[in-house]
Amino acid sequence: MKVSNVNRWCLGLVFLLLQSVAMGQILTPAKWSSGTSVDKAKVGDIVELVFTADLDDTWYIYSSDQDPNVGPLPAVFTFEKDPSYKLVGEIQPIGVKEKYDDIWDGTVRTLKEKAEFRQKVKILKKDLNILVLCEYQVCTTVDGKCIPGDEEFEFDNIKVIQ
(Lines give C-alpha, C1' and ligand atoms only; values in the text may rest on other atoms or scores of the structure.)
Protein backbone atom coordinates (compact mmCIF):
# COMPACT_ATOMS: atom_id res chain seq x y z
CA MET A 1 0.00 0.00 0.00
CA LYS A 2 1.45 3.32 -1.07
CA VAL A 3 0.85 6.43 1.05
CA SER A 4 0.56 9.69 -0.87
CA ASN A 5 2.51 12.80 0.08
CA VAL A 6 -0.74 14.54 1.05
CA ASN A 7 -1.65 11.71 3.42
CA ARG A 8 1.85 11.78 4.93
CA TRP A 9 1.60 15.52 5.42
CA CYS A 10 -1.83 15.19 7.08
CA LEU A 11 -0.63 12.33 9.28
CA GLY A 12 2.44 14.35 10.31
CA LEU A 13 0.24 17.35 11.13
CA VAL A 14 -2.06 15.20 13.29
CA PHE A 15 0.92 13.82 15.25
CA LEU A 16 2.33 17.33 15.69
CA LEU A 17 -1.00 18.64 17.00
CA LEU A 18 -1.40 15.69 19.38
CA GLN A 19 2.11 16.23 20.71
CA SER A 20 1.53 19.95 21.29
CA VAL A 21 -1.73 19.23 23.12
CA ALA A 22 -0.04 16.65 25.34
CA MET A 23 2.87 18.98 26.10
CA GLY A 24 0.60 21.98 26.70
CA GLN A 25 -1.52 20.47 29.45
CA ILE A 26 -1.66 22.67 32.52
CA LEU A 27 -1.27 20.97 35.89
CA THR A 28 -4.05 21.81 38.33
CA PRO A 29 -3.36 19.69 41.42
CA ALA A 30 -5.44 22.02 43.65
CA LYS A 31 -9.21 22.28 43.12
CA TRP A 32 -10.57 25.18 45.16
CA SER A 33 -14.00 25.83 46.62
CA SER A 34 -15.36 28.25 49.20
CA GLY A 35 -18.23 28.54 51.60
CA THR A 36 -19.47 30.24 54.74
CA SER A 37 -20.38 29.14 58.24
CA VAL A 38 -23.93 30.47 57.81
CA ASP A 39 -26.35 31.30 54.99
CA LYS A 40 -28.05 34.16 56.85
CA ALA A 41 -26.60 36.79 59.16
CA LYS A 42 -27.38 40.23 60.60
CA VAL A 43 -25.33 43.39 60.42
CA GLY A 44 -22.91 43.12 63.34
CA ASP A 45 -22.62 39.31 63.18
CA ILE A 46 -19.29 37.56 62.82
CA VAL A 47 -19.21 34.79 60.23
CA GLU A 48 -16.47 32.46 58.99
CA LEU A 49 -15.36 32.28 55.40
CA VAL A 50 -14.05 28.83 54.47
CA PHE A 51 -11.54 28.22 51.67
CA THR A 52 -10.89 24.59 50.71
CA ALA A 53 -8.39 23.09 48.26
CA ASP A 54 -8.76 19.42 47.36
CA LEU A 55 -5.24 18.31 46.45
CA ASP A 56 -4.31 15.52 44.07
CA ASP A 57 -2.43 12.53 45.52
CA THR A 58 1.25 13.26 46.23
CA TRP A 59 0.67 17.05 46.20
CA TYR A 60 0.77 19.46 49.14
CA ILE A 61 0.37 23.19 49.71
CA TYR A 62 2.37 25.45 51.98
CA SER A 63 0.38 26.88 54.86
CA SER A 64 -0.62 30.53 55.22
CA ASP A 65 1.44 30.64 58.43
CA GLN A 66 4.59 29.28 56.76
CA ASP A 67 7.62 31.42 57.60
CA PRO A 68 8.49 33.08 54.25
CA ASN A 69 12.12 33.48 55.39
CA VAL A 70 12.57 29.69 55.26
CA GLY A 71 12.01 29.69 51.51
CA PRO A 72 8.76 28.20 50.18
CA LEU A 73 5.92 30.54 49.30
CA PRO A 74 3.09 30.50 51.85
CA ALA A 75 -0.57 30.67 50.85
CA VAL A 76 -1.48 34.37 50.90
CA PHE A 77 -5.08 35.58 51.07
CA THR A 78 -5.62 39.19 50.00
CA PHE A 79 -9.01 40.66 50.90
CA GLU A 80 -10.21 43.57 48.79
CA LYS A 81 -11.12 46.39 51.14
CA ASP A 82 -14.80 47.18 51.31
CA PRO A 83 -16.91 49.06 53.90
CA SER A 84 -19.38 46.14 54.10
CA TYR A 85 -17.12 43.97 56.28
CA LYS A 86 -14.11 43.94 58.60
CA LEU A 87 -11.58 41.15 59.12
CA VAL A 88 -11.54 39.64 62.60
CA GLY A 89 -8.13 38.18 63.41
CA GLU A 90 -5.88 36.34 60.96
CA ILE A 91 -6.65 33.60 58.49
CA GLN A 92 -6.39 30.18 60.17
CA PRO A 93 -5.08 27.06 58.41
CA ILE A 94 -6.71 23.81 59.58
CA GLY A 95 -4.77 20.54 59.92
CA VAL A 96 -1.23 21.82 59.30
CA LYS A 97 1.67 19.35 59.54
CA GLU A 98 5.17 20.51 60.44
CA LYS A 99 8.39 18.85 59.34
CA TYR A 100 12.03 19.67 58.85
CA ASP A 101 12.91 19.98 55.16
CA ASP A 102 16.52 19.43 54.04
CA ILE A 103 15.98 21.36 50.81
CA TRP A 104 14.88 24.51 52.64
CA ASP A 105 17.12 23.82 55.65
CA GLY A 106 14.24 24.65 57.97
CA THR A 107 10.83 23.72 59.25
CA VAL A 108 7.99 23.83 56.73
CA ARG A 109 4.24 23.87 57.40
CA THR A 110 2.13 22.02 54.83
CA LEU A 111 -1.35 20.65 54.20
CA LYS A 112 -2.03 17.48 52.20
CA GLU A 113 -5.13 15.96 50.57
CA LYS A 114 -7.49 18.71 51.78
CA ALA A 115 -6.24 22.17 52.67
CA GLU A 116 -8.66 24.32 54.63
CA PHE A 117 -8.31 27.96 55.65
CA ARG A 118 -10.81 29.97 57.70
CA GLN A 119 -11.22 33.72 58.14
CA LYS A 120 -13.67 35.45 60.46
CA VAL A 121 -15.33 38.65 59.24
CA LYS A 122 -17.72 41.07 60.91
CA ILE A 123 -20.61 42.18 58.73
CA LEU A 124 -20.90 45.98 58.73
CA LYS A 125 -23.49 46.60 55.99
CA LYS A 126 -26.45 44.85 54.43
CA ASP A 127 -24.95 44.87 50.92
CA LEU A 128 -22.06 42.51 51.60
CA ASN A 129 -19.21 42.56 49.07
CA ILE A 130 -16.26 40.26 49.82
CA LEU A 131 -13.65 39.58 47.14
CA VAL A 132 -10.53 37.54 47.94
CA LEU A 133 -7.42 36.56 45.99
CA CYS A 134 -5.40 33.54 47.14
CA GLU A 135 -1.85 33.07 45.85
CA TYR A 136 -0.20 29.78 46.75
CA GLN A 137 2.43 27.19 45.87
CA VAL A 138 1.80 23.47 45.52
CA CYS A 139 4.50 20.82 45.28
CA THR A 140 4.61 17.10 44.64
CA THR A 141 6.48 14.47 46.63
CA VAL A 142 7.14 12.50 43.44
CA ASP A 143 9.79 14.65 41.79
CA GLY A 144 9.85 17.84 43.88
CA LYS A 145 8.07 19.87 41.19
CA CYS A 146 6.46 23.05 42.54
CA ILE A 147 4.00 25.28 40.74
CA PRO A 148 2.47 28.60 41.78
CA GLY A 149 -1.24 29.21 41.57
CA ASP A 150 -3.90 31.79 42.28
CA GLU A 151 -7.61 31.66 42.84
CA GLU A 152 -10.27 34.36 43.18
CA PHE A 153 -13.27 34.07 45.49
CA GLU A 154 -16.44 36.12 45.74
CA PHE A 155 -18.73 35.69 48.73
CA ASP A 156 -22.23 36.68 47.73
CA ASN A 157 -24.13 33.74 49.22
CA ILE A 158 -24.68 35.22 52.69
CA LYS A 159 -28.12 36.76 52.97
CA VAL A 160 -27.84 39.74 55.31
CA ILE A 161 -31.12 40.34 57.13
CA GLN A 162 -32.19 43.24 59.35
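Residues numbered from 1 in each chain as written. Predicted model: local features only at pLDDT ≥ 70, side-chain atom pairs only at ≥ 80, totals over all residues. Heavy atoms only, no water.

Novice: I tried to follow the state of the cysteines on my own but got confused; where do I start?
Specialist: Note: disulfide means a covalent bond formed between the sulfur atoms of two cysteine side chains. In total, this model carries one disulfide according to the counting rule given. Residue Cys 139 pairs covalently with Cys 146 via a disulfide, S to S 2.0 Å. Judged by the torsion about the S-S bond (110°), the Cys 139/Cys 146 disulfide is right-handed. (Disulfide = S-S within 2.5 Å.)

Novice: What is the right way to read the pairing of strand S5 (residues 76-79) from this model?
Specialist: Walk down a regular strand and you will see the side chains alternate between the two sheet faces. Burial along S5 is one-sided: the residues Phe 77 and Phe 79 are buried and none of Val 76 and Thr 78 is. Direction of pairing for S5 relative to strand S10 (residues 130-140): antiparallel, over a ladder of four bridges. Looking at S10, one finds that Thr 78 is bridged to Leu 133. (Buried < 20%, exposed > 50% of the residue type's maximum accessible area, 1.4 Å probe, protein only. Helix = DSSP H or I, 4+ residues; strand = E, 2+ residues; numbered from the N terminus. Pairing = 2+ DSSP bridges.)

Novice: Would you take a moment to explain the packing of aromatic side chains for this structure?
Specialist: The description of an aromatic ring pair uses the distance of the two centres, along with the angle that the planes make with each other. All chains considered together, the criterion is met by ten aromatic pairs. Ring centres 6.4 Å apart and planes at 75° place the aromatic pair Trp 32 and Phe 77 in the edge-to-face group. Of this pair, Trp 32 sits in strand S1 (residues 30-36) while Phe 77 is found in strand S5, placing the two residues 45 residues apart along the sequence. The exposure classification of Trp 32 matches that of Phe 77, with both residues buried. With centroids separated by 6.3 Å and ring planes inclined at 80°, the aromatic side chains of Phe 51 and Phe 79 adopt a geometry described as edge-to-face. Residue Phe 51 is found in strand S3 (residues 46-55), and its partner Phe 79 is found in strand S5; the two are separated by 28 residues along the sequence. You can call Phe 51 buried: its relative accessible area is 0%. Cluster of aromatic residues (ring-pair linked, three or more members): Trp 32, Phe 51, Phe 77, Phe 79, Phe 117, Tyr 136, Phe 153 and Phe 155. (Phe/Tyr/Trp six-rings, centres within 6.5 Å; stacked < 30°, edge-to-face > 60°.)

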